[in-house]
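Each chain, letter by letter, is given below.
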Amino acid sequence: MFKKRHPTVGSRPGTLVISSDALPPVINLMRYSSQGPAIERRIEHATELNEPFPEQTVTWIDIQGFGDHDVMKLIGERFGLHPLMLEDVINVPHRPKAEVYNDQLLLIINMILTSEETIVEIEQVSIVLGKNYVITFQDRPGDVLDPIRNRIRLETAPIRQHQADFLAYAIADTIVDAYYPALELLGDKLEDLEEEVVASPTTKLLHELNRLKNRLVNFRRAVWPQREAINSLIRDHHLLVSEPVRIHFRDVYDHCVQTSEVVEMYRDMVTGMLNTYLTSIANRTNDVMKVLTIVATIFIPLTFIAGIYGMNFQHMPELSTRWGYPIVWVVMLLIAGGMLYFFRKQGWLGGDGDED
Amino acid sequence: MFKKRHPTVGSRPGTLVISSDALPPVINLMRYSSQGPAIERRIEHATELNEPFPEQTVTWIDIQGFGDHDVMKLIGERFGLHPLMLEDVINVPHRPKAEVYNDQLLLIINMILTSEETIVEIEQVSIVLGKNYVITFQDRPGDVLDPIRNRIRLETAPIRQHQADFLAYAIADTIVDAYYPALELLGDKLEDLEEEVVASPTTKLLHELNRLKNRLVNFRRAVWPQREAINSLIRDHHLLVSEPVRIHFRDVYDHCVQTSEVVEMYRDMVTGMLNTYLTSIANRTNDVMKVLTIVATIFIPLTFIAGIYGMNFQHMPELSTRWGYPIVWVVMLLIAGGMLYFFRKQGWLGGDGDED
Amino acid sequence: MFKKRHPTVGSRPGTLVISSDALPPVINLMRYSSQGPAIERRIEHATELNEPFPEQTVTWIDIQGFGDHDVMKLIGERFGLHPLMLEDVINVPHRPKAEVYNDQLLLIINMILTSEETIVEIEQVSIVLGKNYVITFQDRPGDVLDPIRNRIRLETAPIRQHQADFLAYAIADTIVDAYYPALELLGDKLEDLEEEVVASPTTKLLHELNRLKNRLVNFRRAVWPQREAINSLIRDHHLLVSEPVRIHFRDVYDHCVQTSEVVEMYRDMVTGMLNTYLTSIANRTNDVMKVLTIVATIFIPLTFIAGIYGMNFQHMPELSTRWGYPIVWVVMLLIAGGMLYFFRKQGWLGGDGDED
Amino acid sequence: MFKKRHPTVGSRPGTLVISSDALPPVINLMRYSSQGPAIERRIEHATELNEPFPEQTVTWIDIQGFGDHDVMKLIGERFGLHPLMLEDVINVPHRPKAEVYNDQLLLIINMILTSEETIVEIEQVSIVLGKNYVITFQDRPGDVLDPIRNRIRLETAPIRQHQADFLAYAIADTIVDAYYPALELLGDKLEDLEEEVVASPTTKLLHELNRLKNRLVNFRRAVWPQREAINSLIRDHHLLVSEPVRIHFRDVYDHCVQTSEVVEMYRDMVTGMLNTYLTSIANRTNDVMKVLTIVATIFIPLTFIAGIYGMNFQHMPELSTRWGYPIVWVVMLLIAGGMLYFFRKQGWLGGDGDED
Amino acid sequence: MFKKRHPTVGSRPGTLVISSDALPPVINLMRYSSQGPAIERRIEHATELNEPFPEQTVTWIDIQGFGDHDVMKLIGERFGLHPLMLEDVINVPHRPKAEVYNDQLLLIINMILTSEETIVEIEQVSIVLGKNYVITFQDRPGDVLDPIRNRIRLETAPIRQHQADFLAYAIADTIVDAYYPALELLGDKLEDLEEEVVASPTTKLLHELNRLKNRLVNFRRAVWPQREAINSLIRDHHLLVSEPVRIHFRDVYDHCVQTSEVVEMYRDMVTGMLNTYLTSIANRTNDVMKVLTIVATIFIPLTFIAGIYGMNFQHMPELSTRWGYPIVWVVMLLIAGGMLYFFRKQGWLGGDGDED
């Protein structure tokens, strides 16, 4: 179900909601320029950020956990973040969007984590791009960005030659690329269920199909609005995003569209499988009915005949005839044979074998 | 069902419809400026509003209940409201919209009240924004705006630094923020039903699913057109809404879009659950059929055999043989065993245990 | 079903189709200016219209019934109506539209008549707006426009202060306002059926649901394209429609959109009810099956046991034992008890009571 | 099924596909001006067309059948048709479209033939409009254009006063007008089936519903894209189409939109009827089940009781009591009565009568 | 299921993914001008491409298989391909698109191979258009482009008169033309299944319908986004594509739209057939039920009567009457006749014959 961290109704705009079980913020700083080793530092007190950032460097401040109201406020003031921007960042989840506030660009996108082999968790990542710094906000620790950190640590990596806008792109690109492994997990699951749905439509399978469908609905809700957000980045000419980086963002856009389309296709397939499930059940009920009908319609008339001659009337001439018993057997076999012929004509007999 | 208060067909445009059970209007006035205490007054006679409003203050006139035609007309004349505007405000419900009439802006939005823990009521709030005043119209008393009143009473509150346009924003924002608790109530309900729909698809559950669906349809109808209304506020540059307030309205727009999307997702889920319900019923019918078929197809042939030897023919050689009775038992057990083997092969026997 | 009066295929464009059962035209003229009594006259011969219309007056020519080809042609010539315009007006139904031909504006909209308490009839009204006159065309007599006629008769009515464009607006507005009572009738019907659909899904109800659905489909087809037509009136700046009247047309547009949305919502609800109907039937079949299965699976094995001891074998030791008969009863009761226990565990027994 | 005449994959663009069973082309020429009799001639050799066409006349070349590659090529060269244009015309079906190639306009639309009372055939008509000529291409002989030919033959017909663009319009208009009789046939069919679908849902009816649905799908595919094609004719200002003729094309556009909407409505109705069909079947199964259940649950327990007293135990005290037999009858009647009371309470008994 | 070759999450943008089972690249070069024989050469080492390409010629480099990272890199450097462009080309599948990178145009489209009579395989073809060369990239060997190669070999072929942009068009055109045979295969399959779905709805058929549906979904996903890609080629005025070639691309666009529409129609038809399948099953279950009900409701009461007179009560006066036995027979026949009359009235008896 959808849960948004929202302030009490009617609060002042820009009110930050820090839930009681929020994790304390862990702040890391990385600073690099085109040469020399990258600086990495754990920020213990938000005041450490007050020193001005050197001109020719790019600084990445990575904040994980929003559990301290004062720290959040200090950061907001240090970087001059608009109160509404800070609200969007903290009160997760917000809709994916790209928006400009004065000299900063806010890009909110969703990260999909596939820890373990089956679970798909969705977490909002907010990227604030300033002149020579990037700030990323995440609600909980754990992300897919380690490869970028490693590339930055490498002095020769091409990323070191670019400005802050390229770092923002690299983060967005990495998050979107991580959709593909998640998609593959879902696709494999889908393939497994597809086999089963006609073969053995159990109640458990129905549960699993519904669970998969809900997961796809969530996936879609996370990815779909991002297309629009990233497209606005490409279309509108923000000063903060240089032309070559804009071309790179086109690539992120393509990947968003492609994953959206695949998720959409998967949803259609699950819907189709749920219909197939219902049809399979109807098919099986039909098979069960046929067995019952064949057995019952053959034996009920025969039992009736047997019942007739089990009556105790004193005057029943058949009972004393010599060939009465064998004749009754012959009559019964003829009736049974007639029934079987009728069922074969209806195509009910070969059914079980051929159809399964 | 949809009920609109509409005038007799063919009435003069701008005709106000005051139903006989309409509540008498309760009018409250709040006036504040950047400093000094806020003035709060209950307006007993609409004529009290005729005095001019001081330049440097913001006045909020809050009207609840439309039960007095003359009062409504007086107010319309006092503020120079366009007759069609007044008609839209009084003859509820009107579609959410933002529209400019000369030097006034009309914003119609829907308020969702979640009094009690389950009930979702929708009520139209019309906000008329003038140069230094805001008028809000509600059909019935009771709203979600008390927090704003409290903020205004506080001399140091930031809202005191802003003009009337910010007050209009604050009212719209508060109303839209109140959608989240309503959404959560619906989400919780949905979660409860989701469990039950496979486990015990009773008729009562079907009723509840349909009720929930109708509530979502109403919610959607209330929220969906607001996106467009608020977007037009952001897009068109009305003189009455200053640039910084426009940025704040972007936030309201985002929340409208997000709630719309969540409602849409919930509707999809309820539709899915109704399908699952049907499938569960089919599943259960199949289970019931299997039990009937297993029992009937085993015992009907056996009963037939017993019937055979219950016949009273004089010449039935089997009856007098020494081992006739035990042999019949053996034959019966063989038939029953064969049937059971067939059912196990069909996967009907393990079914009840595994599948539930 | 859809029936359009269309000329033989390949006829000259502008061919008028006068069906043999068309009613003879009844033509009424109303003329008014801002003062003095309104003139009302029945036009017997179309030639009476040839006199020029006074400059400062507004003339409304109301034509009901198209049964006379010559009259129609005379009117077309008198007012210089484009042949295609006349074709659209006469060969009903045409799609709702607003279109300009030289110095005339044609607005085609649909009137919904709710004569009696249940029937919804749709009839095309074509409004031709000229410089100082309005011509309305209707296929059959009977309309919802009497209130306008009454307002015109009243010398002090505001409508007397306006030009012909306001009259055209007033007619369109009145026709659209008449949708609300029709909507309410349909809504009430819907509410009635909603109760019944789970309680007693009879075949008659299925018929009624389908009939209601078709009526909603027709309603929608009548109303939906009008949004576009009226919107084009507001958007495009026709010289014939003055600015203040354009603002009034915005109101008509809003009502069209609102009724469209409500009809759309009703259609969704009927579709949902048809699905609920199917589900209810499945539910009932399941209930019936349970009863059959419970009774049959309890008694069929017992009957088999009774059959066993009804056999006439000479050597059946059980028959002669002292306690044989009571023991058989005990076995039978144990079997019946076991079955009942199984059914209770499956939740089939409490079902009927709880679920209904 | 969709069959397109397409060249071998990878052929040179503009390759014409002449299938072996294509009919030899029949070429007719009509030439007229505002006065004098119209010239009509059968063209035996395509070279006859090489003479220049008089300035003040309109020439209509009507080609039916594409069975001669050389003739097609000669015509293409004579009129300077673009190779791709010729390909679109010959390799039927092509999507309806309006496209300009240099000084020619190509309009491809679909003709619907309702030969006999039931069959709807779709055939592509390509109209090439040049400065003072119109060429129409049809795959097979037989069309709905005879009324136009008759009008041209008439010296006083208004069509004689217009240029080639009006002839192109007249052809398109006539083809589109012929949709209405086809629609009426389909509507009548629909009305017939609607009655039957609840009354007697036979397998044959299911076949017919599916056939009707496929026909509607084909109809829609033929008509839908034409809206766009004709709209582009109206919107774009081609030099070849004069302003007054453009107004006439608006009328063709309206008819295309109207027929599209009606087809769409019919499709919705057929889909609804297929659902009603399924529901009716479920209803009937439910009725059948009720009968079975009522009979079986009443008689199975009674048969069991009879079976009890058919047992041959030596010690069955009931058998020898004086009132045993009548008491058993009373017990049986009580059981049957109880069952009937239960069924009446469930509403299963009155069912057959009330519900059908 | 969807499988994309994607780099490890967080890799540097432009990372090429060469899977271990990728085939080694096979590179062919074709060079032609308006006269003289065409040059064809197998490129063994990518360095052979370093020589400059003559001005007045068109060079087609055809690369099949991406199994060698160094070769790919060398080619990328030789032609100055943007790293992201190379990534899109190698990491298949990418969404169909047309995009400009500096002085090159990248067109990604999907080729559909119908090797054998049933299998539809989808393979991405990337076309890079430079000033005087075209490079095509395919993941695996085998394509539909041989006819183009043959046309190039022919000195007199019109294609020799055109520039590189026409070659790119010819390749795209050929690939899109190859959709038609694939469509026909699917259409034939559909036609076969349509017959069977009412006649014999077996489980195997359900499998086949689902398989066909998935194939159509894949087809659609391949073709649909191409419309947009090719449309952008027509709409945007790239310097690389001359005006006459742009007209040719309009033709490719038309074919893309037409195939999309047919696939869409086929999907609707398969969905309809799946519904018909479910309805047919329900129909058959109803038929089976009727047989069971008729037989059971006739014989169960009769068996009960027989059971009555099989009881062993000492005092059963009927047993000793002279006409008891015949009277019982008469009663039984009356009951059976009454039942049959009831069934005939319900329309259950003629059913099997009439309905199938």
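Analysis parameters
Residues numbered from 1 in each chain as written. Chains lettered and ligands numbered in written order. Predicted model: local features only at pLDDT ≥ 70, side-chain atom pairs only at ≥ 80, totals over all residues. Helix = DSSP H or I, 4+ residues; strand = E, 2+ residues; numbered from the N terminus. Rg over C-alpha atoms; globule rule 2.2 N^0.38 Å. Buried ≥ 20, exposed ≤ 12 C-beta atoms within 10 Å, placed from the backbone. Contact = placed C-beta atoms within 7 Å. Least-squares fit on C-alpha atoms with pLDDT ≥ 70 in both. Axes fitted to C-alpha atoms, helices over the stretch in contact; angles between N-to-C directions. Parallel < 35°, antiparallel > 145°, perpendicular 65-115°, else oblique. Left-handed = near helix turned anticlockwise from the far one by under 90°. Nonpolar A, V, L, I, M, F, W, Y, C, P; charged D, E, K, R; others polar. Expected span 1.5 Å × (residues − 1). Arc of directions from axis to C-beta. Pairing = 2+ DSSP bridges.

Peer 1: It is not clear to me how the overall build of chain A should be interpreted in this structure. Could you clarify?
Peer 2: Along the backbone of chain A there are 10 helices and 7 strands. For chain A, the C-alpha radius of gyration of 35 Å lies well beyond 21 Å, the compact-globule estimate for 356 residues. Seen along its three principal axes, the alpha-carbon backbone of chain A occupies a region of about 120 × 45 × 35 Å. Counting across all 356 residues of chain A, residues that qualify as buried make up 42%. Taking the intrachain contacts of chain A between residues at least 6 apart in sequence as the baseline, contacts between residues at least 24 apart amount to 72%.

Peer 1: Would you take a moment to explain the relation of the copies chain D and chain E for this structure?
Peer 2: Copy one and copy two of the chain differ by a rotation about an axis and a translation along that axis. Each copy superposes on the other: chain D lies on chain E with an RMSD of 0.1 Å after a rotation of 72° and an axial shift of 0.1 Å. Taken together, the rotation angle and the small translation identify this as a five-fold axis. Using C-alpha coordinates, one finds that chain D approaches the rotation axis most closely at G310 of chain D, a distance of 4.7 Å.

Peer 1: Hey, could you run me through the packing of helix α5 (residues 179–199) of chain E against helix α6 (residues 203–235) of chain E in this one?
Peer 2: When two helices pack together, their arrangement is given by the angle between the helix axes and by the axis-to-axis distance. Residues and elements named next belong to chain E. The interhelical angle for the contact between α5 and α6, taken along N-to-C directions, is 155°, at an axis separation of 11 Å. Accordingly, the angle class assigned to the pair α5 and α6 is roughly antiparallel. In this structure, α5 meets α6 at a crossing whose hand is left-handed. Taking contact as the criterion, the partners of Y179, L186, K189, L190, L193, E196 and V197 in α5 are, on α6, L205, E208, L209, L212, R215, L216 and V223. Tallied by class, the residues present in the contact of α5 with α6 amount to 10 nonpolar, no polar and 4 charged.

Peer 1: When you look at helix α9 (residues 324–345) of chain B in this model, what are you seeing that I'm missing?
Peer 2: In an α-helix, one turn spans 3.6 residues; hence positions three or four apart end up facing the same way. Residue and element names in this part refer to chain B. Look at α9: 32 Å from first C-alpha to last across 22 residues, which is about the 32 Å you get at 1.5 Å a residue. Looking only at α9, the buried set comprises G324, Y325, V328 and F343. Relative to the axis of α9, the buried residues are bounded by an arc of 100° and lie together on one face. Relative to its buried face, α9 has exposed residues pointing more than 90 degrees away, namely P326, V330, L333, L334, G337, G338, Y341, R344 and K345. Its buried side turned inward, α9 meets α7 (243–308) and α8 (317–320). Just downstream of α9, G347 is the residue with a positive phi angle, here 75°.

Peer 1: Help me understand the interface of chain D and chain E, please; the structure alone is not making it clear to me.
Peer 2: Accessible area lost during the coming together of the parts is what is often quoted as the interface size. With 49 residues of chain D at the interface, the matching set in chain E holds 59 residues. Mapped by element, the contributors of at least two residues to the side of chain D that touches chain E are α6 (203–235), α7 (243–308), α8 (317–320) and α9 (324–345) of chain D. The dominant element in the side of chain D that touches chain E, judged by the number of residues it contributes, is α7 of chain D, at 19 residues. Split into classes, the residues belonging to the side of chain D that touches chain E amount to 25 nonpolar, 15 polar and 9 charged.

Peer 1: Hey, could you run me through the relation of the copies chain D and chain C in this one?
Peer 2: With an RMSD of 0.1 Å, the operation that places chain D on chain C is a rotation of 72° combined with a shift of 0.0 Å along the axis. An overlap of only 17% is found between the interface residues of chain D and their copies at the interface of chain C, pointing to separate contact surfaces.

Peer 1: What exactly am I supposed to notice about the environment of I90 of chain A here?
Peer 2: Residues and elements named next belong to chain A. With respect to the helices and strands, the residue I90 is situated in helix α2 (residues 83–90). Along the sequence, I90 and G14 sit 76 residues apart, while their C-alpha atoms lie 9.8 Å from each other. Here I90 is in contact with L16, V17, F66 and M72, once residues within four sequence places are set aside.

Peer 1: Looking at this model, I keep getting lost on the interface of chain D and chain C. Mind explaining?
Peer 2: Counting residues at the interface gives 58 residues for chain D, matched by 48 residues for chain C. Among the elements of the structure, α3 (146–153), α4 (164–177), α5 (179–199), α7 and α10 (351–355) of chain D are those that each provide at least two residues to the side of chain D that touches chain C. Here the side of chain D that touches chain C is composed, by residue class, of 26 nonpolar, 19 polar and 13 charged.

Peer 1: Please explain the pairing of strand β5 (residues 104–113) of chain E as it appears in this structure.
Peer 2: Side-chain direction in a regular strand flips from residue to residue, so the side chains alternate between the two faces of the sheet. Residue and element names in this part refer to chain E. The buried count for β5 comes to 8 of 10 residues, which makes it a mostly enclosed element. In this sheet, β5 lies alongside strand β4 (residues 97–101) in antiparallel orientation, the contact comprising 5 bridges. In the strand pairing of β5, K97 is matched with I108. Hairpin geometry of β4 and β5 is characterised by an intervening segment of 2 residues between the two adjacent antiparallel strands and by a positive phi of about 50° at N102. Pairing geometry for β5 and strand β6 (residues 121–129), over 9 bridges, is antiparallel.

Peer 1: Explanation requested: the sheet that holds strand β1 (residues 26–32) of chain D in the structure shown.
Peer 2: Strand pairs in the sheet, formed through backbone hydrogen bonds, run parallel or antiparallel to each other. Residue and element names in this part refer to chain D. Ordered by their spatial adjacency, 7 strands build an open sheet running β2-β1-β3-β7-β6-β5-β4, and the pairing between neighbours is mixed. Both outer strands of the open sheet, β2 (39–43) and β4 (97–101), are each paired with one neighbouring strand and no more. Going from strand to strand, the sheet's axes swing by 20° on average, the running direction of each strand aside. In this sheet, strand β7 (residues 133–138) lies alongside strand β3 (residues 58–64) in parallel orientation, the contact comprising 6 bridges. Paired with D62 across the strands is T136, a residue of β7. Contacting β3, β5 (104–113), β6 (121–129) and β7, α4 crosses the sheet at an angle of about 170° to β6.

Peer 1: Got a minute to help me understand the packing of α5 of chain E against helix α7 (residues 243–308) of chain E in this structure?
Peer 2: All names here are of chain E. Relative orientation of the contacting elements α5 and α7 amounts to 15°, with a least axis distance of 10 Å. In terms of orientation, α5 and α7 fall into the roughly parallel class. When you trace α5 past α7, the crossing you get is left-handed. On α7, the residues touching Y179, L183, L186, G187, L190, L193, E194, V197 and V198 of α5 are T259, V262, Y266, M269, V270, M273, T276, Y277 and S280. A per-class count over the contact of α5 with α7 returns 13 nonpolar, 4 polar and 1 charged.

Peer 1: Would you take a moment to explain unusual backbone geometry for this structure?
Peer 2: The phi torsion of most residues other than glycine is negative, and most of the peptide bonds are trans. For the bond from V92 of chain A to P93 of chain A, the omega torsion is -10°, close enough to zero to count as cis. Here P93 of chain A is to be found in the loop between α2 and β4 (97–101). In the Ramachandran plot, N102 of chain B falls in the positive-phi region, its phi being about 50° despite a non-glycine side chain. Within the fold, N102 of chain B resides in the loop between β4 (97–101) and β5 (104–113).

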